[in-house]
Amino acid sequence: MPASPSLLTLPTVIARLRAAGCVFAEDEARLILSAARTPGELASAVDRRVAGLPLEHVLGRAEFRGLRILVDPGVFVPRRRTEFLVDRAAALTRPGAVVVDLCCGSGALGAALAAAVDGVELHAADIDPAAVRCARRNVVPAGGRVYEGDLYEPLPAALRGRVDVLLANVPYVPTGEIGMLPAEAREHEARVALDGGEDGLDVLRRVAAQAPQWLAPGGSLLFETSEDQAPAAAETVARCGLVPRVAVDEELYATVVVATAPRADGPGTACGPGTACGPGTPHGG
C-alpha cells in the first residue's frame, strides 16, 4: 500500500525501495528525495520506482561521463560501461573533427565527446522518434544536430567521406536472449535499442557495410560489443575494408572495437547484399 506523501521520510523511502528489491536503496532514496519538488511528486516517483521503472526514467536523467544526460521514458539508458567507448573516441578525436553518433538514443555519447573535445562538428541520428526528441535536448545544447531515420539515411549527403569519428552504439543482444535481460531494460526500453538479431550483429553489419563511404581517410568507427562477440564483430568490419582493433576495460566489463579506414587513396573492400556485412533488418535506437 503506497504511503501518504507526508509520511515519505528518507527511512520510509529506503524501506519501500529495499522491499521492492532495489539493491542500492539508500543511494536511490537520496536521489529521488533530492529531485522531488513536492510531496506528491515524491510519492509518484517512489511508486514508479517500486513498480520497476528504471531509476533514470524516474529521475529524468542519467549521469554519464560527468554530464547530466536527460533521459525520457522508453529511451535507452546510457550505461556506465559505455563511457569506455567515449574514452577511446576522445583519444582519437582532434578539435574541429566531424563526429557522427548513430543509434544515438539519448545522445549521451555524442554530447559527452563534444564536451571532451573542443569544436567538434556533431551529428546524431536514431530511428526511434522518442529517442530523437530526447537526443535533441542533449545534443543541440552541445552544438550538434539530430536527425530521425534509419542509420545513415537521414544524414546530410555532404558528410559522405568527411566523418572522422563514427560512434555507433548498436544493439548487440541476440534476439533469443532478450528475455534474459533485467526487467528494467526488457520492459522499459525500446526493443529496437536492444535487439541485435539472431547473433546480435545484424545492425553492426549494416553500419559496417556503409561505413567506408562515410568515413574520412583514417577515420574510425567505434562500437561496443560483448567479449564473446568481439572476434566476429572485428571480422565483420575487416571484411568491409576497415582495420579493427579490440580494446577491453576489465573494471567496467566493457569491450569496444575501433575500426579505422585506410589512409591510402584506393577504396577499401566494398560491402553489399550477400556479403558478411550486407544489409540486415532496419534499425535505430
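Before reading further, recall that the structure is shown in the block above.
The notes below deal with the structure included here. (Residues numbered from 1 in each chain as written. Predicted model: local features only at pLDDT ≥ 70, side-chain atom pairs only at ≥ 80, totals over all residues. Heavy atoms only, no water.)

What follows covers empty space enclosed by the protein. What the rule picks out here adds up to one cavity of 30 Å³ or more. Estimates place the volume of the largest cavity at around 70 Å³. Considering the residues around the largest cavity, the lining is formed by Phe76, Val77, Pro78, Asp101, Leu102, Cys103, Cys104, Gly105, Ser106, Ala108, Leu109 and Asn169. Elements represented by at least two residues in the lining of the largest cavity include exactly β3 (98-102) and α6 (108-116). Along the lines of polarity and charge, the residues of the lining of the largest cavity split into eight nonpolar, three polar and one charged. (1 Å grid on protein atoms, 1.4 Å probe; cavity = no way out; pocket = protein on both sides within 12 Å on 5 of 7 lines; lining within 4 Å. Points joined across faces, edges and corners; volume = space filled by probe spheres on them. Helix = DSSP H or I, 4+ residues; strand = E, 2+ residues; numbered from the N terminus. Nonpolar A, V, L, I, M, F, W, Y, C, P; charged D, E, K, R; others polar.)

Okay, the pattern of salt bridges next. Charged atoms that come close allow side chains of opposite charge to pair. Counted by the stated rule, this structure contains 17 salt bridges. In this structure, arginine 94 and aspartate 164 form a salt bridge, with 3.2 Å as the shortest nitrogen-oxygen distance. Here arginine 94, found in the loop between α5 (83-92) and β3, pairs with aspartate 164, found in strand β6 (residues 163-168); they are 70 residues apart in sequence, far enough to count as distant. When the shortest N-O distance is used, the salt bridge between glutamate 121 and arginine 162 registers 3.2 Å. With glutamate 121 in strand β4 (residues 121-126) and arginine 162 in the loop between β5 (145-148) and β6, the pair connects residues that are 41 residues apart, well separated along the chain. Here glutamate 121 falls in the partly exposed class, since its relative accessible area comes to 30%. Accessibility expressed as a relative area gives 35% for arginine 162, which makes it partly exposed. Look at the salt bridges and you will find they share partners, linking Glu28, Arg49 and Glu184 into a network. (Salt bridge = Lys/Arg side-chain N within 4 Å of Asp/Glu carboxyl O. Buried < 20%, exposed > 50% of the residue type's maximum accessible area, 1.4 Å probe, protein only.)

Looking now at helix α9 (residues 202-214). For α9, spanning 13 residues, the distance from its first C-alpha to its last is 19 Å, which sits close to the expected 18 Å at 1.5 Å a residue. Counted residue by residue, α9 has ten buried out of 13 residues, so it is predominantly covered. Listing the buried residues of α9 in full gives Asp202, Val203, Leu204, Arg205, Arg206, Val207, Ala208, Ala209, Ala211 and Trp214. Those residues of α9 that are buried lie in contact with β3, β6, β7 (215-225) and α10 (230-239). (Expected span 1.5 Å × (residues − 1). Contact = heavy atoms within 4.5 Å.)

Next up on the list: the packing of helix α2 (residues 25-35) against helix α3 (residues 39-50). Here α2 crosses α3 at 145°, and the two axes come no closer than 9 Å. As α2 runs across α3, the sense of the crossing is right-handed. Within the contact between the two elements, α2 uses Glu28, Ile32, Leu33 and Ala35 and α3 uses Glu41, Leu42, Ala45, Val46 and Arg49. By residue class, the composition of the contact of α2 with α3 is six nonpolar, no polar and three charged. (Axes fitted to C-alpha atoms, helices over the stretch in contact; angles between N-to-C directions. Left-handed = near helix turned anticlockwise from the far one by under 90°.)

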